[in-house]
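# Understanding the architecture of this molecule
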Amino acid sequence: TKERGEGSGLGLSMVFGYMKQSGGHVNVYSEIGVGTTFRLYLPRAGLDHEREERAAGLATARSEGEMVLVVEDNLALRRVVVRQLAELGYIVQEAEAADKALDILATGPEIDLLLTDVVMPGAMDGIKLARLVLARWPRIKVLLTSGFPGTKINGESGTSGDIRLLSKPYRKEDLARTLREILDERKGEQHGSDPGHR
């Protein structure tokens, strides 16, 4: 961010050292041409009790056999999400871009939920993909993820009708709870309609 010969470049290393010394950590999320977000995490009191609550929450927020399509262009992140979903009992399909996801939706197994990053390469980002999927396959639920604070859908943060937003980085229990909420909403909608249709 500085011109050559200006500044020492020690700011971030000092922040990193302080965070490690304090038992915390720094999370960096970056997309080329979009920007970079740094998040600083510090430990808080009552951590053991919180871990017990998280474990109890995970036990009640597992899959009921649903299939999730993960769309994420970053291979490392995609692997982490796929592993987390598999550990929660979900059947997982994956794609690195919107066009690949559409191929899977058109020809592959029946998908219950689309989990897609907002920022992706190509002509179609996650929001456009989500809207297209809802138009073609209205029974599929959609969860967007974004590493940038203030990401908006139709001018609103967090949710917009059938589209929900989960901010990165998120914990496994946050993902589990959010997926269960969305999929349970769908079950409620199905009970109010023809029971012969999924």
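As a reminder, the structure under discussion sits directly above these lines.
The present account deals with the structure reproduced in this document.

Calculation criteria
Residues numbered from 1 in each chain as written. Predicted model: local features only at pLDDT ≥ 70, side-chain atom pairs only at ≥ 80, totals over all residues. Heavy atoms only, no water. Pairing = 2+ DSSP bridges. Helix = DSSP H or I, 4+ residues; strand = E, 2+ residues; numbered from the N terminus. Core = buried A, V, L, I, M, F, W, Y, C linked by side-chain atoms within 4.5 Å. Buried < 20%, exposed > 50% of the residue type's maximum accessible area, 1.4 Å probe, protein only. Contact = heavy atoms within 4.5 Å. Axes fitted to C-alpha atoms, helices over the stretch in contact; angles between N-to-C directions. Parallel < 35°, antiparallel > 145°, perpendicular 65-115°, else oblique. Left-handed = near helix turned anticlockwise from the far one by under 90°. Nonpolar A, V, L, I, M, F, W, Y, C, P; charged D, E, K, R; others polar.

### Describing the pairing of strand β1 (residues 25–31)
Across seven bridges, β1 lies against strand β2 (residues 35–41) in antiparallel orientation. Its bridge partner lying in β2, Val-26 is registered against Leu-40. Hairpin connection from β1 to β2: three residues lie between these consecutive antiparallel strands, with Gly-33 at a positive phi of about 80 degrees.

### Some thoughts on the nonpolar core
Core analysis: the biggest nonpolar cluster contains 23 residues, and Leu-69, Val-71, Leu-105, Leu-114, Leu-129, Val-133 and Leu-144 have the highest contact counts within it. Of all elements in the fold, only β3 (67–71), α4 (98–107), α5 (126–136), β6 (141–146) and β10 (163–167) reach the threshold of two or more residues within this core. Excluding anything up to four places from it in sequence, Leu-114 contacts Leu-69, Val-71, Leu-129, Ala-130, Val-133, Ile-140, Lys-141, Val-142 and Leu-143.

### Points about the packing of α4 against α5
It is at 11 Å that the axes of α4 and α5 come closest, and there the two elements cross at 15 degrees. The orientation of α4 relative to α5 falls into the category roughly parallel. You can see that α4 and α5 cross each other, and the crossing is right-handed. The segment α4 lies against α5, with Ala-98, Ala-101, Leu-102 and Leu-105 engaging Leu-129, Leu-132, Val-133 and Arg-136. In terms of residue class, the contact of α4 with α5 is made up of seven nonpolar, no polar and one charged.

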